[in-house]
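# Breakdown of the fold
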Amino acid sequence: MSFSLTDVDPDDPIWTRRGAVHVPSGRGPTVWGANDVYTIKITGEQTQGRLGLVEATVPAGGGPDAHAHTREDESFYLIDGELEFVDGDHVFTAVAGDFIYVPPGIRHGFKNRGNHAAKLLFMYTPAGLEQLMLDHSTPARPGETPPPTDDDMTARAIQVIRKSETIWLAQP
């Protein structure tokens, strides 16, 4: 079936109903995790399970250890800074403007080896991990950097790993 734009009434209520989700800059629930600051921009609940989107600020030395997701694709878009990424047995440096897609079952992680914070977006498809981060991470306090990892933060991270069926692949 095909049609042209002239066959569609742009004022038909099907095209004028609202449904977009707008999350203004600087907004969204924010947590500390993996020594980073994660702001959840949209959850699976809001996208009917299709997508979870997280904005991350990764301070110097921050970033999650190597791991693999068993169910989710994870995609990254680096907005600012440089990050050292692990891809299986390969390590590379990603810079602002780079995009990285990681399918399930691939060992990955990143570290900020620089002196300044890096900023990136990461997307989960299907959604779900972003909600686990919200449920089991420490709420961030505005204007503060993430505290050193303690036993409580480690226990929360273990909950996310178990519930998401993520495989932890960090080397000692």
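Bear in mind the structure is a predicted one, so any value in this text is a computation, not a measurement. (Residues numbered from 1 in each chain as written. Predicted model: local features only at pLDDT ≥ 70, side-chain atom pairs only at ≥ 80, totals over all residues. Heavy atoms only, no water.)

### Some thoughts on unusual backbone geometry
A cis amide bond, omega -5 degrees, links Thr125 with the succeeding residue Pro126. The topology assignment puts Pro126 in the loop between β10 (118–125) and α3 (129–136). Positive phi outside glycine occurs at Gln48, with the angle close to 55 degrees. Here Gln48 shows up in the loop between α2 (44–47) and β3 (52–58). Its relative accessible area of 64% is what places Gln48 among the exposed residues. Positioned with a positive phi, Glu165 is a non-glycine residue whose angle comes to about 60 degrees. (Helix = DSSP H or I, 4+ residues; strand = E, 2+ residues; numbered from the N terminus. Buried < 20%, exposed > 50% of the residue type's maximum accessible area, 1.4 Å probe, protein only.)

### Section: the pattern of salt bridges
In total, this model carries six salt bridges according to the counting rule given. Ionic pairing is found between Arg71 and Glu165, a salt bridge with its closest N-O pair at 3.3 Å. On the criterion of sequence distance, the pair formed by Arg71 in the loop between β4 (67–68) and β5 (73–80) and Glu165 in the loop between α4 (151–164) and β12 (167–168) is long-range, its members being 94 residues apart. When salt bridges that share partners are traced, they join Arg71, Glu72 and Glu165 into one network. (Salt bridge = Lys/Arg side-chain N within 4 Å of Asp/Glu carboxyl O.)

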